[in-house]
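Chain by chain, the residues run as shown.
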Number of protein chains: 2
Amino acid sequence: MVTIRDVAAEAGVSITTVSRALNESGRVGRATRERVLNAARRLGYEPNDLARSLHGKATGTIAVLVPDITNPFFPELVKGVQEVATAHQKLLLLCQTSEDSEIAVQELLHLRRKRVDGVVLVGGLAASEQLDAALAGLPVVAVDRDTTVDGSRVVRSDHRRGGRLATEHLIELGHEHIAHVRGPAHLSVAQDRHDGYREALEEAGLPYDASLVVEGGFLEEGGYDGLRALRRRRRPFTAVFCGNDLMAIGALRALEDVGLAVPDEVSVVGFDDIHLASYLRPGLTTVHQPIQTLGRRAAALLIGSAMNDEQPASEVLDVHIVRRQTTARHRRTEVR
Amino acid sequence: MVTIRDVAAEAGVSITTVSRALNESGRVGRATRERVLNAARRLGYEPNDLARSLHGKATGTIAVLVPDITNPFFPELVKGVQEVATAHQKLLLLCQTSEDSEIAVQELLHLRRKRVDGVVLVGGLAASEQLDAALAGLPVVAVDRDTTVDGSRVVRSDHRRGGRLATEHLIELGHEHIAHVRGPAHLSVAQDRHDGYREALEEAGLPYDASLVVEGGFLEEGGYDGLRALRRRRRPFTAVFCGNDLMAIGALRALEDVGLAVPDEVSVVGFDDIHLASYLRPGLTTVHQPIQTLGRRAAALLIGSAMNDEQPASEVLDVHIVRRQTTARHRRTEVR
DNA sequence: CTGTTAGCGCGTTCAC
DNA sequence: GTGAACGCGCTAACAG
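Since this is a predicted model, take the numbers as computed values, not measurements.

## What to know about the protein's contact with DNA strand D
Around DNA strand D, 27 residues are found, and the nearest of them are A:Thr17, A:Gly29, A:Thr32, B:Ile4 and B:Tyr45. Backbone atoms, meaning sugar and phosphate, form 56% of the atoms of DNA strand D found within 4 Å of the protein. Side-chain polar atom of B:Asn23 to a phosphate oxygen of DNA strand D: 3.1 Å apart, as the coordinates give it. For DNA strand D, a phosphate oxygen lies 2.2 Å from a polar atom in the side chain of B:Tyr45. Looking at the surface near DNA strand D, the elements with two or more residues in it are α2 (15–23) of chain A together with α1 (4–11), α2 (15–23) and α4 (49–53) of chain B.

## Thoughts on the packing of helix α8 (residues 159–172) of chain A against helix α9 (residues 188–203) of chain A
Residues and elements named next belong to chain A. At their nearest, the axes of α8 and α9 sit 6 Å apart, and the two run at 40 degrees to each other. Accordingly, the angle class assigned to the pair α8 and α9 is oblique. Judged by the twist between their axes, the crossing of α8 over α9 is right-handed. Residues His-159, Arg-160, Gly-163, Arg-164, Thr-167, Glu-168 and Ile-171 of α8 form the contact with α9, whose own contacting residues are Val-189, Asp-192, Arg-193, Asp-195, Gly-196, Tyr-197, Glu-199, Ala-200, Leu-201 and Glu-203. When its residues are assigned to classes, the contact of α8 with α9 shows five nonpolar, four polar and eight charged.

## Here's the deal with the pattern of salt bridges
Residue and element names in this part refer to chain A. Applying the stated rule across the entire model yields 40 salt bridges over all chains. For Asp-117, the salt bridge goes to Lys-90, with nearest N and O atoms at 3.6 Å. In this pair, Asp-117 is assigned in the loop between α6 (101–113) and β3 (118–122) and Lys-90 in the loop between α5 (73–87) and β2 (91–96), connecting sequence segments 27 residues apart. Across the pair, Lys-90 and Asp-117 agree in class, each one buried. In this structure, Glu-256 engages Arg-253 in a salt bridge whose closest nitrogen and oxygen atoms are separated by 3.6 Å.

## Observations concerning the side chain of A:Ser267
All names here are of chain A. Tracing the chain through its elements places Ser-267 in strand β9 (residues 267–272). Within the local environment of Ser-267, its side chain forms a polar contact with the side chain of His-175, the two groups lying 3.3 Å apart. Among all residues touching Ser-267, those that are not within four sequence positions of it are Leu-170, His-175, Thr-238, Ala-239, Val-240, Thr-326, Thr-327 and Ala-328.

## A look at the protein's contact with DNA strand C
With respect to spatial proximity, 27 residues lie near DNA strand C, and among them A:Ile4, A:Tyr45, B:Gly29, B:Thr32 and B:His55 are the closest. What you see for DNA strand C is that sugar and phosphate hold 55% of its atoms within 4 Å of the protein. The contact in question runs from a base oxygen of DNA strand C to an N or O atom on the side chain of A:Thr16, over 3.3 Å. One nitrogen or oxygen atom from the side chain of A:Ser19 is found 2.8 Å from a phosphate oxygen belonging to DNA strand C. When contributions to the surface near DNA strand C are tallied by element, the ones reaching two or more residues are α1 (4–11), α2 and α4 (49–53) of chain A together with α2 of chain B. Examining the composition of the surface near DNA strand C, we find that four residues originate from one element, α2(A), more than from any other. Residue composition of the surface near DNA strand C, by class: 10 nonpolar, 12 polar and five charged.

Parameters at a glance
Residues numbered from 1 in each chain as written. Chains lettered and ligands numbered in written order. Predicted model: local features only at pLDDT ≥ 70, side-chain atom pairs only at ≥ 80, totals over all residues. Heavy atoms only, no water. Near = heavy atom within 4 Å. Polar contact = N/O pair within 3.5 Å; in protein donor to acceptor, adjacent residues only side chain to side chain. Helix = DSSP H or I, 4+ residues; strand = E, 2+ residues; numbered from the N terminus. Axes fitted to C-alpha atoms, helices over the stretch in contact; angles between N-to-C directions. Parallel < 35°, antiparallel > 145°, perpendicular 65-115°, else oblique. Left-handed = near helix turned anticlockwise from the far one by under 90°. Contact = heavy atoms within 4.5 Å. Nonpolar A, V, L, I, M, F, W, Y, C, P; charged D, E, K, R; others polar. Salt bridge = Lys/Arg side-chain N within 4 Å of Asp/Glu carboxyl O. Buried < 20%, exposed > 50% of the residue type's maximum accessible area, 1.4 Å probe, protein only.

This is how it looks when you write it as structure tokens:
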């Protein structure tokens, strides 16, 4: 391995000069610099970032923690993070937590030892002392998490508004019995979406009926099981607002299995607008959140915080509804 | 920042002893170790992996380069890589190349400076001197790439066999005019799948008709455009084998747009069996390749190579067909 | 078993 | 403009 010392010898200068020439820092003679650069090239010199960072400087590395990269929501988010990281010449470490707080703690500890410059934390994680400890002093931007951690910034979509938009859309279509297959109670995004749903109902003078609300995990299975549970309650409904798109897909499968036509007999709305939503047939009506932008903003905030002192505490991005083919006007003809 | 020296002072021993106690390396007295560990805990000591790696040891970091993490094929692969990396206590750097060889070169150079222990290289990349240079001496395992690089190992599925299986499946269903919307000519996986298609046809005594073969990018658009191009040629066909699942999705949309029913009028087969394939309605019949395992094997080979000297040159994983709802028996009733 | 002494590759004071 | 020397945090020979 060729070091800065070898280059110095080859160029007939001191290592200090080589360092300066390579980093464009300080005053180095024109000719000298050329000589050094040539020597470096000739020897195939490769700077060692480890040694550089050892001086307490930044490592030029940030990390993103997601529950599961195969959940189609996260690659889009990660792409946004990656984009900004690359633009700032930073490398991106990817970690998966499986929504497990203990795993997250382990990963964070590992990241700290590697001296990452900061972390984008995505998704819910059970709070714990160890988690707080693992996060302490580490520049963190959370995405879609409750801001339990002290000074950490948060980037999120307006989930409550999204819940309202979805529900209002169904109400406008004439639906009066609107079920909600919501996400896990411990996740604030699920709660917010639910609150928006409830708000919209009440504002429209429709009753909030707890027996039309079921909870499930943010995956297909959660939606599938949720819809089956709803059916078992024998409470009629003509529309379902699902906690996210994957749940909506599960709900669509369940409806298919029980022989209910979408959107003729039951309308379905999702949340997120992952790419997948537009691939489906019928195309899924859903609340669009700017997933990639979420990642971009988080990364920008994270990287910016290392540079600027002042930073906004958090950011809330707007959402809107995308009408596709899983929602239709309520047909007065009886349905159960 | 508390260093090993502070811990040494606190515990009343030398830094060497601290180092040994922390790394379980060498002989350290029971009591001494306890004392050191306690001191470290009390001070909130966090080892600095940078300094450790500076000694020329491994950095405990590997990287995976993929064209685009939002392409659903890659998250599954990355997950496999991640799994093995984590099992070996290694952190994973994620890079995206956009299939651009120059970007890949830049990323690789950056990774080298960071002294990553190895790289999993996924997808096709235009060969170039600079790429070779950027790869030189770096432990690399390629996935689904031609093994142009010198000593690099390759993990891949049996694409040729997959192409045969897909085609044979259609032949068994009675189809005689089978089109192929293939992937890019410069990608070996596309070529292999095509060769398998051709082989199956010829073995069945069916003519290989070049006017039934079109080329496109490995995305929905490629499949959509490919199918439209096929139609413009006015050559009848009752089945299409698509280069991958995304292309198949594009082809399905195109068929929908021109009013051809799937599978009643045209059968469609994809390749990869990404999760998405089973979400679709009708469910996509496709050639399953073990995507996650591909990633796992690549990572295992990469990490193993740093430890064992001997390693298999490459690995070929098996594929099989998954029958869903986009393929059906050819109906003799005329169709165009 | 434990401590002393060198570096690892590089940036950064300082003098010259 | 350039160089010598020191130190970043840690591991690895060598002693004792």
